[in-house]
Amino acid sequence: MNILENTFILGILASTVAGLMTGIGAIPIFFTRNISEKMLDSLLGFAAGVMLAATSFSLIIPSLEASGGGVKGAMITGLGILAGSIFLDLTDKYSPHVHLLDKRKEGNSSTSLKKIWLFIIAITLHNFPEGLAVGVGFGDDNIKNGLSIAIGIGLQNMPEGLAVALALVREKYNVKKAFLIALLTGLVEPIGGLLGIGLVSIFKPILPFILAFAAGAMLFVISDEIIPETHNNGYEREATYGVIIGFIVMMILDVTLG
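Please read these numbers as outputs of a predicted model, since none were measured by experiment. (Residues numbered from 1 in each chain as written. Predicted model: local features only at pLDDT ≥ 70, side-chain atom pairs only at ≥ 80, totals over all residues. Heavy atoms only, no water.)

Considerations on the UniProt feature "transmembrane region" (unreviewed entry) in the protein
Alright, step 1. The sites that carry the UniProt feature "transmembrane region" (unreviewed entry) are, in the present numbering, residues 6-31, 43-61, 73-91, 112-129, 178-200, 206-227 and 239-257.
Alright, step 2. A helix fraction of 100% and a strand fraction of 0% characterise residues 43-61, whose end C-alpha atoms lie 26 Å from each other.
Alright, step 3. Within the segment residues 206-227, helix and strand shares are 95% and 0% respectively, and the terminal C-alpha atoms sit 31 Å apart. (UniProt positions renumbered as here; feature names shortened; annotations may be inferred. Helix = DSSP H or I, 4+ residues; strand = E, 2+ residues; numbered from the N terminus.)

Describing the confidence of the model for the protein
Alright, step 1. The predicted model of the protein averages 80 in pLDDT, with 84% of residues at 70 or higher.
Alright, step 2. Low pLDDT, under 50, characterises residues 108-113; the predicted model gives this stretch five contacts beyond four residues in sequence or across chains. (pLDDT = per-residue confidence, 0-100. Contact = heavy atoms within 4.5 Å.)

Here's the deal with the packing of aromatic side chains
Aromatic ring pairs: the centre-centre distance and the angle between the two ring planes describe each pair.
Alright, step 1. Across all of its chains, the model carries four aromatic pairs by this definition.
Alright, step 2. Taking the centre distance of 6.4 Å and the plane angle of 35° together, the rings of Phe 209 and Phe 213 count as tilted. With Phe 209 and Phe 213 both in helix α8 (residues 207-229) and four residues apart, the pair spans about one turn of that helix.
Alright, step 3. Owing to a relative accessible area of 30%, Phe 209 belongs among the partly exposed residues under this scheme.
Alright, step 4. Overall, the relative accessible area of 21% leaves Phe 213 in the partly exposed class.
Alright, step 5. Cluster of aromatic residues (ring-pair linked, three or more members): Phe 87, Phe 209 and Phe 213. (Phe/Tyr/Trp six-rings, centres within 6.5 Å; stacked < 30°, edge-to-face > 60°. Buried < 20%, exposed > 50% of the residue type's maximum accessible area, 1.4 Å probe, protein only.)

Thoughts on the pattern of salt bridges
Alright, step 1. Per the stated rule, a full pass over the model turns up one salt bridge.
Alright, step 2. In this structure, Lys 38 engages Glu 238 in a salt bridge whose closest nitrogen and oxygen atoms are separated by 3.9 Å. With Lys 38 in helix α2 (residues 37-66) and Glu 238 in helix α9 (residues 236-257), this pair connects stretches of sequence that are 200 residues apart.
Alright, step 3. For Lys 38, a relative accessible area of 40% puts it in the partly exposed group. (Salt bridge = Lys/Arg side-chain N within 4 Å of Asp/Glu carboxyl O.)

Here we look at helix α7 (residues 189-202)
Alright, step 1. End to end, α7 covers 20 Å across 14 residues, agreeing with the expected 20 Å (1.5 Å per residue, within 8%).
Alright, step 2. Those residues of α7 that fall on the buried side of the exposure criterion are Glu 189, Pro 190, Gly 192, Gly 193, Gly 196, Ile 197 and Val 200. Across the axial projection of α7, the buried residues extend over an arc of 155°, all falling on one side. Exposed and oriented more than 90 degrees from the buried face of α7 are Ile 191 and Ile 202. (Expected span 1.5 Å × (residues − 1). Arc of directions from axis to C-beta.)

Quick notes on helix α5 (residues 143-170)
Alright, step 1. For α5, with 28 residues, the first-to-last C-alpha span of 40 Å sits near the 40 Å given by 1.5 Å per residue.
Alright, step 2. The largest bend along α5 measures about 30° and falls at Asn 157, with the proline Pro 159 one to four residues further on.
Alright, step 3. With 21 of 28 residues buried, α5 is to be regarded as a mostly interior element.
Alright, step 4. Backbone geometry just after α5 places Lys 172 at a positive phi near 75°. (Bend = angle between axes of the 7 residues up to and from the residue.)

Let's talk about the nonpolar core
Alright, step 1. Ile 29, Leu 59, Val 134 and Val 136 are the most contacted members of the largest nonpolar core, which totals 46 residues.
Alright, step 2. Only α1 (3-26), α2, α4 (115-139), α5, α6 (175-187) and α8 provide two or more residues apiece to this core.
Alright, step 3. With eleven residues, α8 is the single largest residue contributor to this core.
Alright, step 4. In contact with Val 134, not counting residues within four places along its chain, are Gly 11, Ala 14, Ser 15, Gly 146, Ile 149, Ala 150 and Ile 153. (Core = buried A, V, L, I, M, F, W, Y, C linked by side-chain atoms within 4.5 Å.)

What to know about the environment of Val 134
Alright, step 1. Tracing the backbone through its elements, the reader meets Val 134 in helix α4.
Alright, step 2. Expressed as a C-alpha distance, the spacing of Val 134 and Gly 193, which sit 59 residues apart in the sequence, is 5.7 Å.

Observations concerning the packing of helix α3 (residues 70-94) against α8
Alright, step 1. One way to put it is that α3 packs onto α8 with a least axis distance of 6 Å and a crossing angle of 50°. Relative to α8, the element α3 is oriented oblique. Seen from above, α3 lies across α8 with right-handed handedness. For the pair α3 and α8, contact is made by Ile 76, Thr 77, Leu 79, Gly 80, Ile 81, Ala 83, Gly 84, Ser 85, Phe 87, Leu 88, Asp 89 and Asp 92 and by Pro 208, Phe 209, Ala 212, Phe 213, Ala 215, Gly 216, Ala 217, Leu 219, Phe 220, Val 221 and Asp 224, respectively. (Axes fitted to C-alpha atoms, helices over the stretch in contact; angles between N-to-C directions. Parallel < 35°, antiparallel > 145°, perpendicular 65-115°, else oblique. Left-handed = near helix turned anticlockwise from the far one by under 90°.)

Here's the deal with the side chain of Thr 230
Alright, step 1. Turning to its location among the elements, Thr 230 is positioned in the loop between α8 and α9.
Alright, step 2. Thr 230 sits in the buried class, given a relative accessible area of 2%.
Alright, step 3. A distance of 2.7 Å separates the side chain of Thr 230 from the backbone oxygen of Ile 227, its partner in a polar contact.
Alright, step 4. Apart from the residues within four sequence positions on either side, Thr 230 is in contact with Asp 41, Leu 44, Gly 45, Tyr 235, Glu 236 and Ala 239. (Polar contact = N/O pair within 3.5 Å; in protein donor to acceptor, adjacent residues only side chain to side chain.)

Thoughts on the packing of α5 against α6
Alright, step 1. Relative to each other, α5 and α6 sit at 145°, their axes nearing to 8 Å. α6 is crossed by α5, and the crossing has right-handed handedness. Only Val 175, Ala 178, Ile 181, Ala 182 and Thr 185 of α6 make contact with α5, whose side of the interface consists of Gly 161, Val 164, Ala 165, Leu 168 and Val 169.
Alright, step 2. The residue inventory of the contact of α5 with α6, partitioned by class, reads eight nonpolar, two polar and no charged. (Nonpolar A, V, L, I, M, F, W, Y, C, P; charged D, E, K, R; others polar.)

Structure below.
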């Protein structure tokens, strides 16, 4: 089996394991629902920090290096980040869904879709870029880079899975259904991983742009979804320190893996 086949299998497995971490993160709801908003906001801040570091060190920097650096490299990477952000913004804007942790609705939500499906659509929108990032990381036969992103995504999926499960339980869903839906937040990630690997394999000449595109999508999720939702309950400072600690932890892991 050649290296491409190895990295392909590793990429799918890594994105699957990272996705399953949402279910692991949701397990505490079987034992307690008394998780404070302060703790949840801190954990989500940590998730955002981990995601931000993974985006910086495993997507943006490799994109700059692959594009040759300099002004040209910065332009290519910048355009990729912008394209990924705009793509996710448009998808977010025109697809019917509700946000995971609050009651905001976006897109054409006047349809007869049941609320459960609105949640599932939201889950797909906000987790697909993460799987895409893992796949892109492995798609250039770079096992270290792919593993680094997968570990980061897995770490940030745990508090996210807990947050989704708690939100559903508070909406009177039973615990088992809340857990299963939280688990679904991660099971779309292998699909994104498969696409990411395929994009890099097929369009290798534009690898820097693809890496930056995945980074832009991730940055959009961090800024539009995760961080604002940690600032709704009066625990902005705790969430901010969560971001900083998450960033440091992921930075250390990235250096260690290197």
